Amino acid sequence: MTVSDLAKRYGDVQALRGVSFSVEPGEIYGLVGPNGAGKSTTLRTLATLLTVGSGDVSVFGADVESEPNEVRKRIRYLPEDAGSYDNLTGRQYLEFVADFYGDDPDELVERGVEIADLDDRIESKTSEYSKGMTRKLLLASTIMTEPDLAILDEPTSGLDVENARAIREIVKQFPGANRSVLLSSHNMLEVEYLCDRIGLLNEGEIVAEGPPAELVERYGVENLEEAFLEAVA
Ligand SMILES: Nc1ncnc2c1ncn2[C@@H]1O[C@H](COP(=O)(O)OP(=O)(O)OP(=O)(O)O)[C@@H](O)[C@H]1O
């Protein structure tokens, strides 16, 4: 997956100013930056939901603008504010999603139930779920289909410590030889733990990129938060 010199404007707002990065098979790549840096805009463009302003964006060789259906076959996207269908139980929601994918929906649902790890609450209506339970269900429904690329927008935002940790473990387990993750976060500790490489995004530009430990070393600082401050200074 490659993003090359992506720029994007909303009216007067220049949201992205020439963003370039790639995600290699098997890795977890994090786009990290403050509110408004352009993380969601980048992820939504990759997920074929926004037009490319200028630049090139391709996923496994397919161009997101000219071949969006090819891209959609290979990716799954979890928006930050995603909801489920309130009148379904957790299991029914997984069944609903599984029917769109794969030849064996039952197997997908079983995998989803296992990933969500909600015990018997999987049989409860999702309208009764806490935010953490909903996020676990949605993340399970996103990755149970084993996409080549899972695009996760702020997967742990707004969750308590325990739920955030559960989500991180699910994400950490996901990559395989041909499966990678692109996520966004403004939590530096989280990306330090999760990501093989990160891109520090600020005001629509990647100001530094590399493995978290290498960035810390490059700037001669104690942690990623300080590295970010140095990179934008
Ligand atoms: N639909 C829109 N219309 C106008 N401006 C927008 C729109 N969506 C995003 N923007 C602006 O584009 C810039 C980048 O926004 P984006 O949501 O991509 O950032 P972000 O890094 O995901 O931030 P957050 O962490 O707050 O979600 C911001 O200045 C934002 O106000």
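What you see is a predicted model; the values in this text were computed from it and never measured.

A. Molecular detail of the overall build of the protein chain. Scanning the protein chain for helices and strands turns up nine helices and 10 strands. Across the 233 residues of the protein chain, 42% fall into the buried class. Counting contacts in the protein chain only where the partners sit at least 6 residues apart, residues at least 24 apart contribute 64% of the total.

B. Molecular detail of the pairing of strand S10 (residues 205–210). Here five bridges tie strand S9 (residues 197–202) to S10, and the two strands are oriented antiparallel to one another. Looking at the pairing, Ile198 lines up with Gly210 of S10. Where S9 hands over to S10, the hairpin turn is made up of two residues, of which Glu203 adopts a positive phi near 45°.

C. Structural context of the nonpolar core. Ranked by size, the top nonpolar core spans 62 residues in total, and within it Leu46, Val59, Ala140, Leu149, Ile151, Val171 and Leu182 carry the most contacts. For this core, the leading source of residues is helix H5 (residues 131–143), giving six residues. Those residues in contact with Leu46, other than ones at most four positions away along the chain, are Met1, Val57, Val59, Val64, Ile151 and Leu182.

D. How the structure looks around unusual backbone geometry. A positive phi angle is found at Thr48, which is not glycine, with a value near 65°. Looking at the secondary structure, you find Thr48 in the loop between helix H1 (39–46) and strand S4 (54–59). Thr48 gets classed as buried once you count the C-beta atoms within 10 Å, which come to 21. At Glu154, a residue that is not glycine, the phi angle is positive and equals roughly 45°.

E. Spatial organisation of the sheet that holds strand S8 (residues 180–185). The sheet built from six strands is open, its strands ordered S6-S7-S8-S3-S9-S10 with mixed pairing. Only two strands of the sheet have a single neighbouring strand rather than two, namely strand S6 (75–78) and S10. If you compare each strand with its neighbour and ignore which way they point, the axes differ by 15° on average. Two elements, strand S3 (residues 28–32) and S9, share four bridges in a ladder whose sense is parallel. Bridge pairing in S9 places Tyr29 opposite Arg197.

F. Quick look at the UniProt feature "domain: ABC transporter" (unreviewed entry) in the protein chain. Within this numbering scheme, the UniProt entry marks residues 1–228 as carrying the feature "domain: ABC transporter" (unreviewed entry). End-to-end, the C-alpha atoms of residues 1–228 are 24 Å apart, and along that stretch the chain is 36% helix and 26% strand.

G. Examining the confidence of the model for the protein chain more closely. Taken as a whole, the protein chain shows an average pLDDT of 94; of its residues, 100% reach a score of 70 or greater. Across the assembled chains, the prediction reports ipTM 0.96 with pTM 0.96.

Cut-off values and rules
Residues numbered from 1 in each chain as written. Predicted model: local features only at pLDDT ≥ 70, side-chain atom pairs only at ≥ 80, totals over all residues. Helix = DSSP H or I, 4+ residues; strand = E, 2+ residues; numbered from the N terminus. Buried ≥ 20, exposed ≤ 12 C-beta atoms within 10 Å, placed from the backbone. Contact = placed C-beta atoms within 7 Å. Pairing = 2+ DSSP bridges. Core = buried A, V, L, I, M, F, W, Y, C linked by C-beta atoms within 7 Å. Axes fitted to C-alpha atoms, helices over the stretch in contact; angles between N-to-C directions. UniProt positions renumbered as here; feature names shortened; annotations may be inferred. pLDDT = per-residue confidence, 0-100.

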